[in-house]
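Residues per chain, in single letters:
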Amino acid sequence: MAETARHPESRYGNRPTMKDVAARAGVGLKTVSRVVNSEPGVTPDTERRVQEAIEALGFRRNDSARVLRKGRTASIGLVLEDLADPFYGPLSRAVEEVARAHGALLINGSSAEDPDREQELVLALCARRVDGLIVIPAGDDHRYLEPEIKAGIATVFVDRPAGRVEADMVLSDSFGGAREGVAHLVAHGHRRIGFIGDQPRIHTAKERLRGYHEALTDAGITVEDSWVSLGSTDPARVRAAAETMLTGPDPVTALFAGNNRVTVTVVRVLAECDRRIALVGFDDIELADLLGITVISQDAAAVGRTAAEHLFRRLDGADHAPARVELPTRLIPRGSGELPPA
């Protein structure tokens, strides 16, 4: 006899509906709706029966209908560069706290520094009808967002300016921070200072390189091509750049690291070096205080909080011209940036 195939029951059932709640409580749909939405017109005894039915069935309100009625989803999207980057942890948390204070849900994702992926992710969030967007841009052309902005999706760009669209932006002073960090090395006697930064197409990398050049120009120092290396923050690439600068007949006596990932690799290289090299890094890193790493610190939480506050002001009806907010950085001397030339 042929054995009949048996299909195991799915562990997932169907979600209970308001009809199920109404049937269990012995009331009409409108009564359940009033209880769920905290509307008046229901007696205490009836409300109790409905609440007991909701609890017994595990009913959860479907907010889709509310979206259709109110035109707002009470959600915002956050598009980051890299979820693993320590800089974005406090930034994301600050955005989430502001969103929570406004009764909104935060949905985030990562572009992985890919402009196409950024666009895909941003438009996917728009398709899910988020009320607003906070974007750390990977690309330099954001005209794809123009229809969404015109349709009412508030948008704030963070860390880097928007490309070819008018929008609010919140930045750290990358130029001023780098200039201060390099000037600090010059003040401690250094004349040969290397710069290792991120990819040159990235706004923050360009601004920090500009600050580096400005500080050395102000000090009357001509920059040699061999002192500058821009590119991927891949540890192998950064290590090779640092080792090249630290060897040869005229090695650099100090290094300026263009971001936290570069700093981490440079610290490892310097730990293997047979002479003491001064170091200033842009962005703080974990254990920098214990390791004595001098840094230019940018307040990631303040950046996220400021961006989110701007976004919710827009959602509340603010219609002023697009604003550019630039937050200051802070030099934190801890020892590595105060070493004299070897």
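All of these numbers come straight from a predicted model, not from anything done at the bench. (Residues numbered from 1 in each chain as written. Predicted model: local features only at pLDDT ≥ 70, side-chain atom pairs only at ≥ 80, totals over all residues. Heavy atoms only, no water.)

### Digging into the nonpolar core
A general trend in soluble globular proteins is that nonpolar side chains are found buried together. Membership of the largest hydrophobic core comes to 41 residues, with the highest contact counts inside it found for I193, I196, Y212, L216, L255, F256 and V266. If we ignore the near neighbours within four places in the chain, the residues touching Y212 are A178, V182, I193, G194, F195, V223, W227 and V228. Residues L91, I136, L315 and L327 belong to the second largest nonpolar core, which totals 27 residues. (Core = buried A, V, L, I, M, F, W, Y, C linked by side-chain atoms within 4.5 Å. Buried < 20%, exposed > 50% of the residue type's maximum accessible area, 1.4 Å probe, protein only. Contact = heavy atoms within 4.5 Å.)

### Things to note about the domain arrangement of the protein chain
Domain annotation for the protein chain reports domain 1 (18-61), domain 2 (73-171 + 300-327) and domain 3 (174-298). Placing the centre of domain 1 and that of domain 2 at their C-alpha centroids yields a distance of 38 Å. (Domains from an automatic or database assignment.)

### Regarding the pairing of strand 11 (residues 324-327)
Of the two faces of strand 11, only the one carrying V325 and L327 is buried; R324 and E326 on the other face are not. In this structure, strand 5 (residues 168-172) lies alongside strand 11, joined through four bridges in parallel fashion. The residue bridging V170 from the neighbouring strand is V325, located in strand 11. (Helix = DSSP H or I, 4+ residues; strand = E, 2+ residues; numbered from the N terminus. Pairing = 2+ DSSP bridges.)

### Examining the side chain of R192
Take R192: it is sitting in the loop between helix 8 (174-187) and strand 6 (193-197). Within the structure, R192 has its side chain in polar contact with the backbone oxygen of D250 (distance 2.4 Å). Within the local environment of R192, its side chain forms a polar contact with the backbone oxygen of P251, the two atoms lying 3.3 Å apart. Excluding residues within four positions of it along the chain, R192 makes contact with E224, W227, D250, P251, V252, T253 and A254. (Polar contact = N/O pair within 3.5 Å; in protein donor to acceptor, adjacent residues only side chain to side chain.)

### Notes on helix 2 (residues 29-36)
Residues T31, V32, S33, V35 and V36 constitute the buried set of helix 2. Packing partners of the buried residues in helix 2 comprise helix 1 (18-25) and helix 3 (44-57). Looking at the residues trailing helix 2, positive phi occurs at S38, about 55°.

### Looking at the environment of E243
Its location among the elements puts E243 in helix 10 (residues 235-245). A relative accessible area of 35% places E243 in the partly exposed class. Separated by 26 residues in the primary sequence, E243 and V269 have C-alpha atoms spaced 7.4 Å apart.

### Observations regarding the packing of aromatic side chains
On inspection of all chains with the given rule, the structure shows three aromatic pairs. Between F87 and Y88 the ring centres are 5.2 Å apart and the planes differ by 75°, which places this aromatic pair in the edge-to-face class. Here Y88 falls in the buried class, since its relative accessible area comes to 2%. On the basis of an interplanar angle of 45° and a centroid distance of 5.2 Å, the ring pair of F195 and Y212 is categorised as tilted. One end of the pair, F195, is in strand 6; the other, Y212, is in helix 9 (residues 203-218), with 17 residues separating them in the sequence. (Phe/Tyr/Trp six-rings, centres within 6.5 Å; stacked < 30°, edge-to-face > 60°.)

### Observations concerning the sheet that holds strand 8 (residues 254-257)
Taken together, the six strands give an open sheet; going across it, the order is 7-6-8-9-10-12, and neighbouring strands pair in mixed fashion. Lying at the two open borders of the sheet, with one neighbouring strand each, are strand 7 (228-230) and strand 12 (330-332). Each adjacent strand pair in this sheet contributes to an overall mean axis angle of 15°, direction not counted. Of the pairings in the sheet, the one linking strand 6 to strand 7 comprises three bridges and is parallel in character. (Axes fitted to C-alpha atoms, helices over the stretch in contact; angles between N-to-C directions.)

### Examining the side chain of S229
By the element assignment, S229 lies in strand 7. We classify S229 as buried; its relative accessible area is 16%. Of the polar contacts made by the side chain of S229, one reaches the side chain of R237; its length is 2.6 Å. Setting aside its immediate chain neighbours within four residues, S229 contacts F195, I196, G197, R237, A241 and M245.

### Observations concerning the sheet that holds strand 3 (residues 132-135)
Reading across from one edge, 2-1-3-4-5-11 is the order of the six strands in this open sheet, with parallel pairing throughout. At either end of the open sheet lies a strand with only one pairing partner, and these are strand 2 (105-110) and strand 11. Each strand of the sheet is rotated relative to its neighbour by a mean of 15°, with strand direction disregarded. Two elements, strand 1 (residues 75-80) and strand 3, share four bridges in a ladder whose sense is parallel.

### Points about the pattern of salt bridges
For the structure on display, the rule yields 20 salt bridges. Between D45 and R49 there is a salt bridge, with its nearest N and O atoms 3.3 Å apart. With D45 and R49 both in helix 3 and four residues apart, this pair spans about one turn of that helix. On the basis of relative accessible area, D45 is assigned to the partly exposed category, the value being 40%. Across the pair R324 and E326 runs a salt bridge whose closest N-O atoms are separated by 3.5 Å. Residue E326 is classed as partly exposed on the basis of its relative accessible area of 42%. Each of the salt bridges in this network shares a partner with another, and the network as a whole consists of E81, D85, E113, D159, R160, D198, R201 and R261. (Salt bridge = Lys/Arg side-chain N within 4 Å of Asp/Glu carboxyl O.)

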